[in-house]
Each structure stands twice: as structure tokens, then as C-alpha cells.
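Structural overview
Chain by chain, the residues:
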Amino acid sequence: MKKLKIGICGWGNVATGLFNTIENNNKFIKSNGNLEIEIVVIGARRDNPKCDPGAVKIERDIFDVIDHDIDVVVELIGGVDVARDLILKSINKKKHVVTANKAVLFHHGDEIFKEANSNGVKILFESSVCAGTPIIKLLTEELSANKVTKIAGMLNGTSNFILSNMEEGSDFKPTLELAQKEGYAEPDPTFDIEGMDAAHKIGILSSLAFGTPLPPDDFYIEGISKIEKIDFKYAKDMGFTIKHLAVSKLNQDKIELRAHPVLIKKDSYLANLKSVRNGIEVETDLLGTLHIAGSGAGQESTASGVISDLVNLANSNDNILELDSNRNIELVDFMSLSFQYYFYIESNITPEAVEKITSIFAKKKIALESIAHKEDLKENISHIIVITDLFLEREIQYLYENILNLESVNKIRSIRIESN
Ligand code: HSE
């Protein structure tokens, strides 16, 4: 049986989850993974009342972990700058690194992988995307004979938790609080609800599948914070639900990269994944469309991915990730893409509102698939629900400005419709 001596840096929710899982699932790790893991040292700035590390040595300075007699540094501190220093110092001391940190890979991935390659050590990061739901090794190993043309997924567990609970009638704020309590959300939950966390993850997948650099050039990122419960009702009436989707797609010789909420058909694969589940569709030439789903956040799911990296590290001799030499691949200009849109427009109750709104779309030659007008007599307002035909993203600003300029209109929001 193989043996690995590890040092864990960080002692929060994810690290303590790893510690407990290594103890509790020891039998499976040994029998299925052929691996015995010895936790030699933990880098913890402070104790965690939720977990007793027993006799394991604690270092208060996480950088001291690197100096111990260990094979692997498991980086679970999160964040960017200190994590980058810790990873680079570990690599330079010839320690392999396992990390669950998507932010540091998104911002410094190319630098970190290059450094690891030139030092002959491995960096593994299965848990950085979708926690333990396997996608990294799937792309880099299992699908290596395939031409991948598209990756689209719900990559943020917190967002899916919030959206699927809102769909059932819950409110945004208490559901976010519950996601924080369950340990799904980032320390700063704006990363989850404003789309950054999903953007980090699709950036990493795009780099693996298509060779886009890390960090990638700027791309379109929008979160779920503007969505309201009523949007689910109108979406449902038309056969849709609302999800947060991150997409990386081969578009001629460029890459389309984006992360934003979408209306998707209720009967689609991703629409039916609820709660903290993540789901990914990978379009390939040999296997067709592959679907993967699993818990995308939380202690146990993350521990599963970290341990899979340790098993992989111990059992393979040569899995250093070689970077694609052509990492200058360009991103498609988001403004040149076309989408169908759902619009929610709130206006005073007046007979002209619908006509005026229709004429604004007409000025830009944007065809409307439907326009419905519902009066809320209690609030004395109208909800005008528009579904457009495809139109160029660059027209959206004109539409917002001109519709909001109408005297009768108080509010407007919109969600793109994902075509498949
Ligand atoms: N905050 C992240 C999520 C954790 O909700 O998906 C896993 O990366």
C-alpha cells in the first residue's frame, strides 16, 4: 500500500471536513485508493472548536508547515495572495500541492503550473471546481481522446441552493443565510451571488479544455442577486426555470466565455438539479454530450475531491499537467453574441405602456415572441413580461435606457434565455 504524509494548511470548514473524512472513511481510502494518509501537521492560525486535531502537531504560522517531513501540502486557506505565496514556496521546496482554491488558480494558475513543472512536482486541484464532483480529472484524463467543443454548467452550489429554494417560494436573504450556515457559501458570499465563484471555475475548465490563459482576459460575469421570486412564476408559465450558468464554448477559432443567470427549459437536464448540486454538460466528438452532477460545495464533497487527488498522486508516477503552449487563444467579444431575452418591466397602470415599450424594441428591429401585461391592482402597477427573439447583446444598453426613460416605467430587469 502507498503512503503519503501530508500537511494541511487552513483549519476552517473545509480543512476540518477533510480531517474528519480521512478518519471516518479510512477503510475505503485504503481499500479503494490503496493509500494510507498520515496527517503530520496542520497549519492553523487558531483552534477550531468544531474539531479536535488530537495529537497532530499544530503550526500557528502556516508557512512552517512546509518545513515538516511531508510529501504534500494541502492548501485549504482560500483567498489569493497568501495562498499564491504558500503554493509557490511549497513547490520550490519540492512539495506536491493539492488545493481546493479556485480563486488562486484563476488569478495565478499559469504561473503556478509553470513553477510546478519546472520543479518536477505536481499540483492537483479536483476540488477547485464543483468540489468533489469529478470534472478536472475527467477533462484531463478520461476525455483526453475527445475534442471538447463546449462546457456549460451550474458551478456554484450556493447559487443553485438559493435559486432552487426561491423557486419553491423561499426568500433570497434567509436562503443565503442558510447556505452560509451549511458551509456552502464563500467567506465573502458576494463571490457566490455575484457570479465570481462560478467565473473562477469556468475559467479553470476553459483553460484545461481550450487552453485559455489563467487569468483569462475579462469576460462577462453576472450573479443572481437581482432575480426576484416573481421571475420564477413568469418563467414557469412559459415552461422555463432560472439557473446560474457558466459557459466555455469553441466559437469558430475563438472561445465564448461567460457566467450569468439564464432561463432554461424546465425539462432540461440542468433545470432538474436542485439545492447545492452542481451540474455540467460537456460536448465531445466521441462521447456526444456527457452529463455530470453532484454536490458542488460543502465539507464532505470537498474532502472527497481532495482525497481523490491524494490517491491519484500516490498511485501515478507521471501526471504533471503540461500546459498547452498556445495560450494566446482569444475570447469572443460578448457584445457580438446574440441572445433571446426575458424582460420584466414594471410600469404604472396605463394603456400606452405596452405600445411604447413595443415601439422601442421595434426601433432596433427586435422581434418579440410574446408580450404579456398583468395588472397588480393591490400595488397599482403593471407587470409587462416580454420574450424577445434573438438580438445582439450590444443593443441591451439602448433598450434599458429608453425603456427606463418612459415616464410610466419604474423598474426593468432581464435574463438571457439559453437556447439549449
Ligand atoms: N462557495 C462555493 C459554492 C463553494 O457555493 O459552490 C464550492 O466551491
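Residues numbered from 1 in each chain as written. Predicted model: local features only at pLDDT ≥ 70, side-chain atom pairs only at ≥ 80, totals over all residues. Heavy atoms only, no water.

Some details on the overall build of the protein chain
The cut-off we apply is this: To qualify as a helix, a DSSP run of H or I must reach at least 4 residues; to qualify as a strand, a run of E must reach at least 2; elements of each kind are numbered from the N terminus. Atoms counted for the radius of gyration: C-alpha only. Globule rule: 2.2 Å times residue count to the power 0.38. Residues count as neighbours in contact if any of their non-hydrogen atoms are within 4.5 Å of one another. With residues, only the protein chains shown are counted as cover, and all accessible areas are computed by Shrake-Rupley using a 1.4 Å probe. Charge assignment in this entry is limited to Lys and Arg as positive and Asp and Glu as negative, and neither His nor the chain termini are counted. Each charge is placed at NZ for Lys, CZ for Arg, CG for Asp and CD for Glu.
On a plain count of helices and strands, the protein chain comes out with 13 helices and 17 strands. In summary, the protein chain has a C-alpha radius of gyration of 24 Å against a globular reference of 22 Å for 420 residues, a match within 12%. When the backbone C-alpha atoms are referred to their principal axes, the protein chain occupies close to 75 × 45 × 35 Å. A fraction of 73% describes how many contacts in the protein chain between residues 6 or more apart in sequence connect residues 24 or more apart. When the accessible surface of the protein chain is split by element, carbon and sulfur atoms take 47% of a total near 18,600 Å². In the protein chain, 47 positive and 62 negative side-chain charges are present, and the distance between their average locations comes to 2 Å.

Points about the domain arrangement of the protein chain
The condition that has to hold: Domain delimitation in this document rests on an assignment produced automatically or drawn from a domain database. We define buried area as the total accessible area lost by two parts upon association, computed with a 1.4 Å probe and summed across both. Salt bridge, as used here, is a side-chain nitrogen of Lys or Arg placed within 4 Å of a carboxyl oxygen of Asp or Glu.
The domain architecture assigned to the protein chain consists of domain 1 (2-124), domain 2 (135-295) and domain 3 (337-417). Taking the mean C-alpha position of each, domain 2 and domain 3 sit 26 Å from one another. Of the residues lining the interface, 19 residues belong to domain 2; the matching set on domain 3 comes to 13 residues. With both chains or domains summed, domain 2 and domain 3 bury close to 1,400 Å², and 64% of this area falls on carbon and sulfur atoms. Contact with domain 3 buries area across many residues of domain 2, yet Asp231, Tyr234 and Leu263 alone supply 40% of it, more than any other trio. The interface formed by domain 2 and domain 3 contains three salt bridges.

Digging into the packing of helix α3 (residues 81-92) against helix α4 (residues 102-119)
The condition is simple: Note on geometry: axes are C-alpha line fits, over the in-contact stretch for helices, and angles between N-to-C directions span 0 to 180 degrees. Should an angle fall under 35 degrees it is taken as roughly parallel, and over 145 as roughly antiparallel, whereas 65 to 115 is taken as roughly perpendicular and any remaining angle as oblique. Throughout, the ten residues Ala, Val, Leu, Ile, Met, Phe, Trp, Tyr, Cys and Pro are labelled nonpolar, Asp, Glu, Lys and Arg are labelled charged, and all others, Gly among them, are labelled polar.
Where α3 contacts α4, the two axes come as close as 10 Å, and the packing angle between them is 10 degrees. As the angle between them shows, α3 and α4 are arranged roughly parallel. Two secondary-structure elements touch here, α3 through Asp81, Ala83, Arg84, Ile87, Leu88, Ile91 and Asn92 and α4 through Val104, His108, Glu111, Ile112, Glu115, Ala116 and Asn119. A class-by-class count of the residues in the contact of α3 with α4 yields seven nonpolar, three polar and four charged.

Focus: the packing of aromatic side chains
Centre distance and the angle of the planes are the two values used to describe a pair of aromatic rings. Formally: The criterion for an aromatic pair is that two Phe, Tyr or Trp rings (for Trp, the six-membered ring) have centres within 6.5 Å, with stacked assigned to planes under 30 degrees apart, edge-to-face to planes over 60 apart and tilted to the rest. Under the scheme applied here, a residue whose accessible area is under 20% of the maximum for its type counts as buried, over 50% as exposed, and between as partly exposed, the area being computed with a 1.4 Å probe on protein chains only. The criterion for a charge sitting over a ring is simple: Lys NZ or Arg CZ within 6 Å of the ring centre, and within 35 degrees of the ring normal.
Counted by the stated rule, this structure contains eleven aromatic pairs. For the ring pair Phe334 and Phe339, a centre distance of 5.7 Å and an interplane angle of 45 degrees mean the geometry is tilted. What makes Phe334 buried here is its relative accessible area of 9%. Pairing Phe343 with Tyr400 gives two aromatic rings, centres 6.3 Å apart and planes at 50 degrees, and the pair type is tilted. In this pair, Phe343 sits in strand β13 (residues 338-348) while Tyr400 sits in helix α13 (residues 396-405), placing the two residues 57 residues apart along the sequence. According to the relative accessible area criterion, Phe343 is buried, its value standing at 0%. Its end group placed over the ring of Phe240, Lys265 keeps NZ or CZ at 4.3 Å from the ring centre.

Some details on the site of the ligand
The criterion, for reference: We define proximity as follows: a residue is near a molecule or strand when any one of its heavy atoms falls within 4 Å of that partner. A 3.5 Å cut-off defines polar contacts: any pair of N or O atoms within that distance qualifies, except that in protein one atom must be a possible hydrogen donor and the other a possible acceptor, and neighbouring residues in sequence count only when both atoms are side-chain atoms.
If you check the shell around the ligand, you find Lys102, Asn156, Gly157, Thr158, Tyr184, Ala185, Glu186, Asp192, Asp197, Lys201, Gly296 and Ala297 and nothing else. Take Gly157: an N or O atom from its main chain is 2.7 Å from an oxygen atom of the ligand. Protein contact buries 93% of the 260 Å² of open area that the ligand shows by itself. Counting only elements with at least two residues in the shell around the ligand, the list comes to α6 (157-167) and α9 (196-210). The residue makeup of the shell around the ligand, split by class, is three nonpolar, four polar and five charged.

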